[in-house]
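Architecture and fold: a report
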Amino acid sequence: MKVLLINGSPNPRGCTYTALNEVAKTLEQEGIETEIIQVGQKDIRGCIGCRQCKESGQCIFDDFVNEVAPKFNECDGIVIGSPVYYASANGTLISFLDRLFYSTLADKTMKVGAAVVSARRAGTTATFDELNKYFTISSMPVVSSQYWNMVHGNTPEDVMKDEEGMQIMRTLGKNMAFLIKSIQLGKEKYGLPEKEQHVFTPFIR
Ligand SMILES: Cc1cc2nc3c(=O)[nH]c(=O)nc-3n(C[C@H](O)[C@H](O)[C@H](O)COP(=O)(O)O)c2cc1C
């Protein structure tokens, strides 16, 4: 059982990392393998909507997105972390996520997801909502904690002092481990839910 943790900050050891690392440590203590992937400092362009991935199963831009895609397909859970930029997620992270979620055709049903955000002061809940939407369009259960998953600070030292924020991260790790293990048992006992053919209704006639 493995969880990928995506750091959308350009600071590889900054505030977002400090929060993600607390989740990762807790997951490891619960027997779940983890890998933190640095995304925020990469040069990642946005999706151009060419839809070639729907034929090939991978993004036409053969970069870091395609490197991470097989790991995403195989993992049992993903934690997406972002610093808050103008009350939104980091732009590079959004380019990465749009292309990763759109181009990977493997079924994501019951792969669990959680968003984690870091801000000096505000914009946390808007960013949290933004990131959770990748899961809720993908049949992925969203893992929650005792509060919305956020930490506050401008430096890792600030974040370490945010005791409530750090506790939220540990609770998130425990809840995620429990859910992954429970889903594993559920899959063995009941199998995945049956799927209907996907209906696309771009507009209502
Ligand atoms: C371009 C930019 C925009 C920012 N916008 C906000 C904001 O809207 N609200 C806020 O509280 N902090 C804002 N910040 C501060 C960061 O969100 C905050 O310092 C965060 O914890 C940094 O995380 P990191 O160390 O992982 O990069 C902004 C920082 C930058 C560089």
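Going by the structure above, here's the rest.
What you are looking at is a predicted structure, and each value in this text was computed from that prediction instead of being measured.

1. Some words on the nonpolar core
Among the nonpolar cores identified, the biggest contains 30 residues, and Val39, Ile78, Ile80, Phe96, Leu97, Phe101 and Leu131 are the most heavily contacted of them. Among the elements of the structure, β1 (2-7), α3 (64-74), β3 (77-85), α4 (91-103), β5 (112-119) and α5 (124-136) are those that each provide at least two residues to this core. Counting residues per element, this core draws most heavily on α4, at 6 residues. Core analysis: the second largest hydrophobic core is formed by 24 residues, Ala24, Val79, Val116 and Val143 among them.

2. Description of the packing of α4 against α5
Running from N to C, α4 and α5 cross one another at 10°; their axes reach a closest spacing of 11 Å. With respect to α5, the element α4 is oriented roughly parallel. Facing α4, whose interface residues are Leu93, Ile94, Leu97, Asp98 and Phe101, α5 presents Glu130, Leu131, Tyr134 and Phe135.

3. Digging into the site of the ligand
The local shell around the ligand holds 17 residues, among which Ser9, Thr16, Val84, Arg121 and Asn154 are the closest. Between the ligand and the protein, one listed contact pairs an oxygen atom with a side-chain N or O atom of Thr16 at 2.7 Å. Contact between the ligand and Arg120: an oxygen atom at 3.2 Å from a main-chain N or O atom of the residue. Its free accessible area being 640 Å², the ligand has 75% of it covered by the protein chains. The set of elements that each furnish at least two residues to the shell around the ligand consists of α1 (15-29), β3 and β5. Among the elements that line the shell around the ligand, the one with the most residues is β3, at 3 residues. Residue composition of the shell around the ligand, by class: 8 nonpolar, 7 polar and 2 charged.

So, how was this worked out
Residues numbered from 1 in each chain as written. Predicted model: local features only at pLDDT ≥ 70, side-chain atom pairs only at ≥ 80, totals over all residues. Heavy atoms only, no water. Core = buried A, V, L, I, M, F, W, Y, C linked by side-chain atoms within 4.5 Å. Buried < 20%, exposed > 50% of the residue type's maximum accessible area, 1.4 Å probe, protein only. Helix = DSSP H or I, 4+ residues; strand = E, 2+ residues; numbered from the N terminus. Axes fitted to C-alpha atoms, helices over the stretch in contact; angles between N-to-C directions. Parallel < 35°, antiparallel > 145°, perpendicular 65-115°, else oblique. Contact = heavy atoms within 4.5 Å. Near = heavy atom within 4 Å. Polar contact = N/O pair within 3.5 Å; in protein donor to acceptor, adjacent residues only side chain to side chain. Areas by Shrake-Rupley, 256 points an atom, 1.4 Å probe, with all protein chains shown as cover. Nonpolar A, V, L, I, M, F, W, Y, C, P; charged D, E, K, R; others polar.

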